[in-house]
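Chain by chain, the residues run as shown.
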Amino acid sequence: MLGKSVSCDAYHEKRPLRVVTHAHADHTGGLRWSLRECEKVLMTEPTRDLIEVLEGTLGPRAKHIETLEYEKPFKYNGERVTLFKAEHILGAAQVLVENEEGDRMVWTGDFKLDGTPVLNCDTLVVEATYGSPMCRRSFNVDIKKLLVSMVEERLKDGAVYIFGYHGKLQEVMQILHDADVTVPFVMPEKVYHISKVSERHGMKLGCLTPSTEKEARTLLGENLPCVAFYHMNSRGSVGLDATRICVSGWEFRSPCRRIGEKEHVVALSDHSDFNGLIEYVRQASPKQVITDNHGGGHGETLAKEISKRLGIPAVAMPSRINS
Ligand SMILES: [Zn+2]
C-alpha cells in the first residue's frame, strides 16, 4: 500500500486504486476483485494485453483499467501515481506515489538493475527475490552470447527445446533473433499468443510457428533444426529425449550447468541479484525501506543487510495483513 489510495499487486477493499506492475501471476492476484471494486486499475498497455492472453478475457469490467504510459502521472485525490520502466518482462513497471506534502513512495515491483531507472524516494518498497548474500551472480561471462553459442552448436543435431517463464521465453527469442539464428521458432498456442503481443509492442522475435501446425509437427517429429519454446511447467512432459536448455535465475555458482545427458541450465535472470538490490537501495537513498516478502523470497534477510550495509532503517513486509 502506497499513500492513501493505492494498493499494488494485490486487492485491498479500502483502496480505490490498484496498480498491476506486470503480468506475472504472483502480481495479478485478486485482479477480478479489483476490477469489480476499485475505481481504477492502473497498468501499462502491454501488461493489459499480456494479462488478457494469460488469464483470458477480462470482460466488460476491463473498462476499469486505465493504461498508463511510463512517466505520465495519474492524479487522484491529491496524490500522483506514476509508472516507470522496470527491466523485467514486457510492460513491467515500478510505481511512484507522491502526496501533497511532496513525500515520494516507491514500489519497485520485480526488476533487474541494468535498464531500470533508480527512483529517488523517501519510502522504498523493494522486491527481495534474491535478497540474500548467497544469491550473487558474479560470473565474468556474457550470458546472452553463451546462450546463443549453445543453441547454435546444438542445432547441428536437430531441435533444441528451451524452457522458461512467460516473458523470459520471448526475451530468449529476441536474443536469438538478434544473433541471426534464423531457424523456425516453434511454440504452443499460449506462448505463441504472448509472443505476438510482444511483437505488437515492439519486440523482434523471428519466425514463429504454433506447435499445432503441420510444419511444426514435422520439425519436431523428425528432429529437424528448430528451437521449441515451452513454459517451465512443461519440462516433465515435452521434448524428453531432445536437447534441452532451461533458463533460470536460480543459478549462482556458474553461468551454465549440466543437469542431464542432453540438458543444461543457463543462468539468465529477470531479477537483480543481491548486489543489484543493494545497489538500487543505495542509489535511491530512501529514509526507510520495506522489503517484499512474498513467494519465498528473502525479505527478512535483505532488510537486515540493508540496515547493516547502508545504515538505512529497513523492515520486511508482513507476509499477510489483516486490516
Ligand atoms: Zn515477475
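Residues numbered from 1 in each chain as written. Predicted model: local features only at pLDDT ≥ 70, side-chain atom pairs only at ≥ 80, totals over all residues. Heavy atoms only, no water.

K.L.:
Just give me the short version of unusual backbone geometry, but keep the residues and values in it.
P.N.:
Even without a glycine there, the phi angle at N77 is positive, about 50°. Here N77 lies in the loop between strand 5 (74-76) and strand 6 (79-85). (Helix = DSSP H or I, 4+ residues; strand = E, 2+ residues; numbered from the N terminus.)

K.L.:
I'd like to hear about the pairing of strand 13 (residues 227-231), residue by residue, with values.
P.N.:
Among the 5 residues of strand 13, 5 are classified as buried, and the element is accordingly described as predominantly covered. Residues V227, F229 and H231 of strand 13 are buried on one face, and the alternating residues A228 and Y230, pointing to the opposite face, are buried as well. Relative to strand 13, strand 10 (residues 160-164) runs parallel, the two sharing 5 bridges. For F163, the partnering residue across the bridge sits in strand 13 and is Y230. Across 2 bridges, the pairing between strand 11 (residues 185-187) and strand 13 is parallel. Opposite V186, over in strand 13, you have A228 as the bridge partner. (Buried < 20%, exposed > 50% of the residue type's maximum accessible area, 1.4 Å probe, protein only. Pairing = 2+ DSSP bridges.)

K.L.:
Residues and numbers for the pairing of strand 7 (residues 93-98), please.
P.N.:
The buried count for strand 7 comes to 6 of 6 residues, which makes it a mostly enclosed element. The two faces of strand 7 match: A93, V95 and V97 on one face and Q94, L96 and E98 on the other face are all buried. Sheet analysis places strand 6 next to strand 7, joined by 6 bridges and oriented antiparallel. Following the sheet pairing, R80 is matched in strand 7 by E98. Bridging between strand 7 and strand 8 (residues 104-107) involves 4 bridges; their strand directions are antiparallel. Bridging from a neighbouring strand, V95 pairs with W107 of strand 8. Between strand 7 and strand 8, which pair antiparallel one after the other, the connecting turn spans 5 residues, and G102 there sits at a positive phi close to 90°.

K.L.:
Now, about helix 6 (residues 214-221): what can you tell me, with residues and values included?
P.N.:
A216, L219 and L220 are the residues of helix 6 that are buried. For helix 6, the angular spread of buried residues about the axis comes to 90°, placing them on one side. Of the residues in helix 6, the exposed ones pointing more than 90 degrees away from the buried face are K214, R217 and G221. Close packing links the buried residues of helix 6 with strand 10, strand 11, strand 12 (208-210) and strand 13. With its phi angle positive at about 50°, N223 sits one or two positions after the end of helix 6. (Arc of directions from axis to C-beta. Contact = heavy atoms within 4.5 Å.)

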